[in-house]
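Descriptive structure summary
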Amino acid sequence: MNVTILVVEDEKEIADTLTYALASEGFNPIWVANGESALNTLNEQTVDLCILDVGLPDANGFELLKAIRRADISNSDVPIMFLTARAEEIDRIIGLEIGADDYVCKPFSPREVVARVKVILKRLEKQTATKTQNELGEFKHKPDQRMIAYQSTPIELTRAEYELLAAFLARPGQVFSRRQLIEKIWSTNHPSDDRAIDTHIKTLRAKLKTQNPHKEFIITHRGFGYSLET
C-alpha cells in the first residue's frame, strides 16, 4: 500500500499514536506540527488524505482548510478529517459545511480513526474507477472529474454535497432516508447523525437555488427523508 496520510497535530504524543496506528495498517504517515508545514508538504508531494487538528499553534484548522481549498497546489482537493478537542455541535457543523470529509473528537480511538480513513479512501477509489458521463434533465454529471453542472454551469460543491447530489441524480425521484444518505457519503454504521445530513442538505439546497431560484430541487418528505426533482 502506497498511501500517504498527512497528520497535522502539534501534540507529539497524539501524533505518535496516530502515525503508529496508520503505519501498522500499511499507510505512509507524515507528521507536521503546524499549518505552515502542512501547506508546504501539500505543495511539495502527493498526499492522499490529511488528518488536521483544529487547534494548531500558528493557525485555526478551519481557516487552514479554506486556505488549502483555495491554494494553487496539486493537493487542494485532498480529503480532510478534522481532529479536535472541541466537541461542540457548532464546531462539527462548521467543519462539515466548509468541506471536511469527517470530524473526530478527542479523546479518540486510533483504530476508529484508521477505520474512518479507510472508509474515505475506499469511497474515493470507487469514484475514480467510474469513468462515465451522465446527463439527467439539465444536469450533467462527470464522475471522473467529480463535476456536476446545471445548464452547462459547473456547481461548486464540497465533497459531501457532491456525494449527495450524485446519489440523488443516480435515482431521481427516489426518497432517501437520512441513514441511506449517510451511507452514501460515508459507510454503513458510520457514527454521523441525522443533523449532519440536514446540514449538508441545507447548503446543497442553497447552491442549487443559485442555479435556478424558481425551482425547488430537493424535496423534504417529513418522517421519511429527501428526494430530488429534476
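For clarity, every value in this text was computed on a predicted model and none was experimentally measured.

Calculation notes
- The residue count restarts for each chain, going from 1 along the sequence in the order it is written.
- A pLDDT threshold of at least 70 governs which residues receive local features in this predicted model, and a stricter bar of 80 or more applies before side-chain atom pairs are shown or counted, although totals over entire chains, interfaces and linings include all residues.
- Side-chain calculation: all heavy atoms of the structure are included, whereas hydrogens and water are not.
- The rule is simple: take the accessible area with a 1.4 Å probe, protein chains only, and divide by the maximum for that residue type; under 20% is buried, over 50% is exposed, in between is partly exposed.
- Helix and strand assignments follow DSSP, with helices taken as H or I runs no shorter than four residues and strands as E runs no shorter than two, numbered in order from the N terminus.
- If DSSP finds at least two bridges between two strands, the strands pair.
- Scored from 0 to 100, pLDDT reflects the predictor's confidence in each residue.
- Note on definitions: angles span 0 to 180 degrees between N-to-C directions of axes, and those axes are lines fitted to C-alpha atoms, for helices only across the stretch in contact.
- Handedness of a crossing is defined here by the sense of rotation of the near helix relative to the far one, left-handed for an anticlockwise turn of less than a right angle and right-handed for a clockwise turn.
- In this analysis, two residues are considered to be in contact whenever any of their non-hydrogen atoms come within 4.5 Å of each other.
- Three classes are used, and their members are as follows: Ala, Val, Leu, Ile, Met, Phe, Trp, Tyr, Cys and Pro are nonpolar, Asp, Glu, Lys and Arg are charged, and the others, Gly among them, are polar.

Another point: the pairing of strand β4 (residues 80–84). With five of five residues buried, β4 lies mostly within the body of the structure. Residues of β4 alternate between two faces, with I80, F82 and T84 on one and M81 and L83 on the opposite face, all of them buried. For β4 and strand β5 (residues 102–105), the ladder comprises four bridges, and the chain directions are parallel. Across the sheet, the residue bridging to M81 is D102, located in β5.

This brings us to the confidence of the model for the protein chain. Looking at the protein chain, the pLDDT average stands at 83 and 85% of residues meet or exceed 70. At the level of individual helices and strands, the protein chain shows its lowest average pLDDT in strand β6 (residues 134–136), which scores 63, and its highest in strand β1 (residues 4–8), which scores 96.

Let's shift gears to the packing of helix α6 (residues 159–170) against helix α7 (residues 178–185). Following both chains from N to C, one finds α6 and α7 inclined at 115 degrees, their axes separated by 9 Å at the closest point. Once α6 is placed against α7, the crossing between them reads as right-handed. On α7, the residues touching A160, E163, L164, A167 and F168 of α6 are L181, K184 and I185. Of the residues contributing to the contact of α6 with α7, the split by class is six nonpolar, no polar and two charged.

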